[in-house]
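Topology and contacts: notes
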2 protein chains.
Amino acid sequence: MAENESEARIGRFAYEGLDRVFHEKARLSILTALVTYSEGLSFSELARLCGLTDGNLSRHLDVLAEAALVKITKGFEGRRPHTSCALTANGRKRFREYLTQLEKILRDAAAQEDAAGSSAAKTRTRPGLAGA
Amino acid sequence: MAENESEARIGRFAYEGLDRVFHEKARLSILTALVTYSEGLSFSELARLCGLTDGNLSRHLDVLAEAALVKITKGFEGRRPHTSCALTANGRKRFREYLTQLEKILRDAAAQEDAAGSSAAKTRTRPGLAGA
């Protein structure tokens, strides 16, 4: 196959946009919850929805807050301390960009299935190795 | 919000199916390439398509081969050593299951956007906190 290697598009499947800040499993869970509840969630609701311990959630929120992707507001609800978490505008924008990369992966993976029953479609699913 | 916490579905956004074997960025890249080229790829083509160094690719292929998700075949093409890589049937099946989880994340994240212009649709996008 050596003669085809020069035709393989370098980095065709590299997905450089899969930022590790977002791609970590627990943070992906947190961000999807926060993008869904756009007005924000309390710390305890977020822990529950994501199935995370308080310690784990706290650790990951620190990473996200340091990157200015979420904002944490500490206050009181009556006499009880209350922490709320919400995406920042930049966090929402960048998470959308990350999700666009996930969509691209799903499209790339689905291309093979489209070709399964059709040899005519096969070249389309081999974007890097024309005629291989 | 304390009164709503009992209504928040535990683990609604936990995505337990995001197996770390698949979710690691470089391995996700490798597996998407292999699912696209169902007849397999040479080691050098795979490195090029995924934008990985030989060392990095080798390390991640070891993880995938140990989990019996890919099979590595070492042989010769003429006089040159030639290594080829392909998904196993089980690897393909389990990667599909992983992709189904990614689709779920995209659906969950998209639900919020659907609601942006429609208060009628809003309750649908708040699956864990009915009436919140």
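So, how was this worked out
Residues numbered from 1 in each chain as written. Chains lettered and ligands numbered in written order. Predicted model: local features only at pLDDT ≥ 70, side-chain atom pairs only at ≥ 80, totals over all residues. Heavy atoms only, no water. Pairing = 2+ DSSP bridges. Helix = DSSP H or I, 4+ residues; strand = E, 2+ residues; numbered from the N terminus. Core = buried A, V, L, I, M, F, W, Y, C linked by side-chain atoms within 4.5 Å. Buried < 20%, exposed > 50% of the residue type's maximum accessible area, 1.4 Å probe, protein only. Contact = heavy atoms within 4.5 Å. Expected span 1.5 Å × (residues − 1). Polar contact = N/O pair within 3.5 Å; in protein donor to acceptor, adjacent residues only side chain to side chain. Axes fitted to C-alpha atoms, helices over the stretch in contact; angles between N-to-C directions. Parallel < 35°, antiparallel > 145°, perpendicular 65-115°, else oblique. Nonpolar A, V, L, I, M, F, W, Y, C, P; charged D, E, K, R; others polar.

**Let's talk about the pairing of strand β2 (residues 70-77) of chain A**
Residues and elements named next belong to chain A. Pairing of β2 with strand β3 (residues 80-87), which is carried by eight bridges, proceeds in the antiparallel orientation. Paired with Gly75 across the bridge in β3 is His82. Hairpin connection between β2 and β3: a loop of two residues separates the two successive antiparallel strands, and Gly78 in this loop has a positive phi of roughly 70°.

**A short note on the nonpolar core**
Grouped together as the largest cluster of nonpolar side chains are 66 residues, with contacts concentrated most on Ile30(A), Leu46(A), Ile30(B) and Leu46(B). Those residues in contact with Leu46(A) that lie beyond four places of it in its chain are Ile30(A), Ala33(A), Leu34(A), Leu41(A), Leu57(A), Leu61(A) and Cys85(A).

**Considering helix α2 (residues 25-36) of chain B**
Residue and element names in this part refer to chain B. For α2, which comprises 12 residues, the first-to-last C-alpha distance of 17 Å matches the rise-based estimate of 16 Å (1.5 Å per residue) to within 8%. Buried residues dominate α2, accounting for 12 of its 12 residues. With a side-chain oxygen positioned 2.8 Å from the backbone nitrogen of Ala26, the residue opening α2 is Glu24.

**Focus: the packing of helix α4 (residues 43-50) of chain A against helix α5 (residues 54-66) of chain A**
Any two packed helices are characterised by how steeply their axes cross, that is the angle between the axes, and by the distance between the axes. All names here are of chain A. Interhelical geometry of α4 versus α5 gives an angle of 105° and a closest axis separation of 10 Å. By the angle between their directions, the pair α4 and α5 is classed as roughly perpendicular. Residues Phe43, Leu46 and Ala47 of α4 form the contact with α5, whose own contacting residues are Asp54, Leu57, Ser58 and Leu61. Each residue belonging to the contact of α4 with α5 can be placed in one class, and the counts come to five nonpolar, one polar and one charged.

**Observations concerning the environment of Val21(B)**
Residues and elements named next belong to chain B. Examined against the element boundaries, Val21 turns out to sit in helix α1 (residues 20-23). Separated by 76 residues in sequence, Val21 and Glu97 place their C-alpha atoms 12 Å apart. Once residues within four sequence positions are removed from consideration, Val21 is found in contact with Arg27, Leu64 and Leu69.

**Digging into the side chain of Ser29(B)**
Relative to the assigned elements, Ser29(B) resides in helix α2. Within polar-contact distance, the side chain of Ser29(B) engages the backbone oxygen of Phe13(A) at 2.3 Å. Ignoring any residue separated from it by four or fewer positions in sequence, one finds Ser29(B) in contact with Phe13(A), Ala14(A), Tyr15(A) and Cys50(B).

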